[in-house]
Amino acid sequence: MSAKNSRETNGIVFRNPKTEDGKYFWEIAKASKILDVNSTYHYLIMCRHFKKTCIAAEKQGRVIGFVIAYIPPDSPDTVFVWQVAVDAKERGQGLGVRMLVNVFKNVKPFDVKNLDATITPSNKASIGLFTAAARELNAPFMLEDDFFSTDDFGQNAHEAEMLFHIGPISD
Ligand SMILES: CC(C)(COP(=O)(O)OP(=O)(O)OC[C@H]1O[C@@H](n2cnc3c(N)ncnc32)[C@H](O)[C@@H]1OP(=O)(O)O)[C@@H](O)C(=O)NCCC(=O)NCCS
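All of these numbers come straight from a predicted model, not from anything done at the bench.

Rules behind the numbers
Residues numbered from 1 in each chain as written. Predicted model: local features only at pLDDT ≥ 70, side-chain atom pairs only at ≥ 80, totals over all residues. Heavy atoms only, no water. Helix = DSSP H or I, 4+ residues; strand = E, 2+ residues; numbered from the N terminus. Buried < 20%, exposed > 50% of the residue type's maximum accessible area, 1.4 Å probe, protein only. Contact = heavy atoms within 4.5 Å. Polar contact = N/O pair within 3.5 Å; in protein donor to acceptor, adjacent residues only side chain to side chain. 1 Å grid on protein atoms, 1.4 Å probe; cavity = no way out; pocket = protein on both sides within 12 Å on 5 of 7 lines; lining within 4 Å. Points joined across faces, edges and corners; volume = space filled by probe spheres on them. Nonpolar A, V, L, I, M, F, W, Y, C, P; charged D, E, K, R; others polar. Near = heavy atom within 4 Å. Areas by Shrake-Rupley, 256 points an atom, 1.4 Å probe, with all protein chains shown as cover. Sits in = over half its atoms within 2 Å of the grid points. Axes fitted to C-alpha atoms, helices over the stretch in contact; angles between N-to-C directions. Parallel < 35°, antiparallel > 145°, perpendicular 65-115°, else oblique. Left-handed = near helix turned anticlockwise from the far one by under 90°. Core = buried A, V, L, I, M, F, W, Y, C linked by side-chain atoms within 4.5 Å.

S.K.: What exactly am I supposed to notice about the environment of Gly61 here?
M.R.: Examined against the element boundaries, Gly61 turns out to sit in the loop between strand S3 (55–59) and strand S4 (62–70). Separated by 62 residues in the primary sequence, Gly61 and Asn123 have C-alpha atoms spaced 29 Å apart.

S.K.: What should I look at first to understand the side chain of Asn102 in this one?
M.R.: Tracing the sequence through the fold places Asn102 in helix H3 (residues 95–107). On the basis of relative accessibility, which here comes to 6%, the residue Asn102 falls in the buried class. Not counting chain neighbours up to four residues away, the residues in contact with Asn102 comprise Arg7, Phe14 and Ile55.

S.K.: Before we go on, may I ask you to explain the environment of Asp77 in this structure?
M.R.: Checked against the element boundaries, Asp77 lands in the loop between S4 and strand S5 (78–86). Within the local environment of Asp77, its side chain forms a polar contact with the side chain of Thr78, the two groups lying 3.1 Å apart.

S.K.: Please explain the layout of surface pockets as it appears in this structure.
M.R.: For the largest pocket, the calculated volume is near 1,100 Å³. Around the largest pocket, the lining is made up of 42 residues, and of these Leu35, Val84, Thr118, Asn123 and Ser126 lie nearest the centre. Considering each element in turn, the lining of the largest pocket owes the most residues, eight residues, to S5. In the lining of the largest pocket, the residues fall into 21 nonpolar, 15 polar and six charged.

S.K.: For this particular structure, what's the right way to read the site of the ligand?
M.R.: Near the ligand you find 21 residues, and of these Val84, Val86, Gly92, Gly94 and Arg135 are the closest. Between Val84 and the ligand, the recorded distance is 2.8 Å, taken from a backbone N or O atom to a nitrogen atom. Protein coverage of the free-state accessible area of the ligand, which is 920 Å², stands at 71%. Judged by the proximity of its atoms to the pocket grid, the ligand belongs to the largest pocket. Element by element, the count of residues in the shell around the ligand is highest for helix H4 (residues 124–136), at seven residues. Grouping the constituent residues of the shell around the ligand by class yields 10 nonpolar, eight polar and three charged.

S.K.: Can you help me understand the packing of H3 against H4 in this one?
M.R.: It is the contact of H3 with H4, at a shortest axis distance of 9 Å, that shows an interaxial angle of 55°. As judged from the angle between their axes, H3 and H4 are oblique. Where H3 crosses over H4, the two elements pack in a sense that is right-handed. Of H4, the residues touching H3 (which contributes Gly96, Val97, Leu100 and Val101) are Leu129, Phe130, Ala132, Ala133 and Glu136. A breakdown of the residues in the contact of H3 with H4 according to their chemical character gives seven nonpolar, one polar and one charged.

S.K.: Sorry, what's going on with the nonpolar core here?
M.R.: The nonpolar side chains of a soluble globular protein tend to be buried with one another. Formed by 34 residues in total, the largest nonpolar core has its most connected members in Val67, Val81, Met99, Phe130 and Ile166. Among the elements of the structure, strand S2 (12–15), S3, S4, S5, H3, strand S6 (114–119), H4 and strand S8 (161–166) are those that each provide at least two residues to this core. Counting residues per element, this core draws most heavily on H3, at eight residues. Every residue in contact with Met99, bar those within four places of it in the chain, is listed here: Phe14, Ile55, Ala57, Gly65, Phe66, Val67, Val84, Ala85 and Val86. Counting 12 residues, the second largest nonpolar core, distinct from the first, contains Cys47, Ala56, Ile68 and Ala85.

And the structure:
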């Protein structure tokens, strides 16, 4: 982990994850009861191979939130947020937004100018979160239909996912 990617605000440390954080990410995702819960293996891989673009939020030595993100190979100017979650007891204090801002700060040196995510229209917290992140990053945002349609999910019934695009981000 690079020390410059570790920041502390009000007792919360925002840092790149270590491989072993994968199990805590899985626990938080599962407890959210709203995210698609992937295998522990998947979270471990993200924490190992994509640690530079992911964030763990830690309070008194405990992981209380995470962002899993990566730079898509065909969009090197964009960081794509795949999942973000905060422990239920820690929500509503700006932690989600601060994690996203930290993701952006870490990738900015690589000429990243956009932050993308997908949202399901029924997830109001997610829409509120990315809208607040756009405001915090002082950047325009737009929503685009059907990044993934319900048909794309096949037999696994799933709400359509819309693209939430933030950018260009200049600060
Ligand atoms: C979405 C989530 C990460 C937000 O975390 P958080 O730390 O509570 O978010 P913040 O305190 O930074 O709030 C950011 C903005 O979202 C808004 N928001 C947060 N929860 C909200 C809710 N349930 N409904 C509507 N808006 C909400 C806040 O009001 C704030 O906007 P504001 O600054 O304009 O007031 C958290 O609710 C969570 O873990 N949910 C379960 C997982 C999930 O749905 N993830 C998103 C999809 S990947």
